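# Structural features, examined
The residues making up each chain are set out below.
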Amino acid sequence: MKKIGLTGVMGAGKSSVIAILKEKGITVLDCDAINAKLLEKGEEGYLKLIATFGNQLLDEHEELDKQLMSDLIFKDPLHKQQAEAILHPLIKTKIEQELLLHVDEKIVVVEVPLLFEVGWEAFFDAVWVVACENSLLLERLMKYRHISQAEAKRRLAHQMSQEAKIAKADVVLYNNSNKENLERQICDILKVIRR
Ligand SMILES: CC(C)(COP(=O)(O)OP(=O)(O)OC[C@H]1O[C@@H](n2cnc3c(N)ncnc32)[C@H](O)[C@@H]1O)[C@@H](O)C(=O)NCCC(=O)NCCS
Ligand SMILES: Nc1ncnc2c1ncn2[C@@H]1O[C@H](COP(=O)(O)OP(=O)(O)OP(=O)(O)O)[C@@H](O)[C@H]1O
């Protein structure tokens, strides 16, 4: 099994690449989804976060409030570091467990939005970066995510730049055109891997 790490900044097109990979029958694991599961009431991530940060992150149903957690971690670098130190090892263990279920498959792709930021390069056989022109990225974030340009820039500032990610990539998928163009690039790289 070849383990491919798929990354790229918010809005670059990871979901679009994943949709194409899934159409081709390739298994894709999703770190944000794994994290979301860990944050559910009573789960390991939830319990550890509450032990560190107390009840300030909970809503009236004692569920973890994502907005409160975003405010906590994105406004204070120390809190971000503490939350990541709790969640990242848990996410990695879950990925390792899920990968074991797919060892017979030729390729498994793992979507890790913060792959370089958390230093998971060595875990993968190759890292693919999805990228698009910065002006197009802001346009898409404003249009489809309904956030202002200032908010998009603020969120992107918490991630490594596209230029830095491209420099570290084994493969770059450029999402500056349409789905057909992206699919062609994916087919080309899959051909090389399957050879
Ligand atoms: C902040 C939280 C509660 C927001 O949850 P929400 O459901 O609104 O968003 P979701 O988890 O789908 O993340 C959306 C995007 O936010 C960005 N993001 C998430 N966590 C971080 C982080 N620690 N640093 C920078 N960007 C981040 C990523 O681009 C991610 O794809 C959640 O993302 C979280 O618990 N983050 C900390 C864990 C983490 O680092 N996850 C990323 C694993 S690679
Ligand atoms: N080639 C394209 N042409 C037009 N719109 C696109 C294209 N690729 C992606 N988009 C749109 O841009 C937005 C961001 O794309 P996508 O959701 O694939 O990014 P992402 O990297 O998964 O983002 P996130 O990390 O925030 O989940 C989506 O609303 C998507 O429909």
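You'll find the protein chain entered in an unreviewed UniProt entry as Dephospho-CoA kinase, with Longicatena caecimuris given as the organism. Listed in UniProt under the heading Pathway (unreviewed entry), the comment for the protein chain reads: "Cofactor biosynthesis; coenzyme A biosynthesis; CoA from (R)-pantothenate: step 5/5." As recorded by UniProt, the Sequence similarities (unreviewed entry) comment attached to the protein chain reads in full: "Belongs to the CoaE family."

## Some thoughts on the site of ligand 2
With respect to spatial proximity, 13 residues lie near ligand 2, and among them Lys14, Ser15, Ser16, Arg145 and Ser177 are the closest. A distance of 2.8 Å separates an oxygen atom of ligand 2 from a polar atom in the backbone of Gly11. Here a nitrogen atom of ligand 2 and a side-chain polar atom of Asn175 are 2.8 Å apart. Of all the secondary structure elements, the ones that give two or more residues to the shell around ligand 2 are helix H1 (14-23) and helix H6 (134-145).

## A short note on helix H3 (residues 44-53)
For H3, the full list of buried residues reads Gly45, Tyr46, Leu49, Ile50 and Phe53. Looking down the long axis of H3, one finds its buried residues gathered within 125° of arc, a one-sided arrangement. Those residues of H3 that are buried lie in contact with helix H2 (31-38), helix H4 (66-75) and helix H5 (77-100). Two residues or fewer past H3, Gly54 is found with a positive phi of approximately 75°.

So, how was this worked out
Residues numbered from 1 in each chain as written. Chains lettered and ligands numbered in written order. Predicted model: local features only at pLDDT ≥ 70, side-chain atom pairs only at ≥ 80, totals over all residues. Heavy atoms only, no water. UniProt positions renumbered as here; feature names shortened; annotations may be inferred. Near = heavy atom within 4 Å. Polar contact = N/O pair within 3.5 Å; in protein donor to acceptor, adjacent residues only side chain to side chain. Helix = DSSP H or I, 4+ residues; strand = E, 2+ residues; numbered from the N terminus. Buried < 20%, exposed > 50% of the residue type's maximum accessible area, 1.4 Å probe, protein only. Arc of directions from axis to C-beta. Contact = heavy atoms within 4.5 Å.

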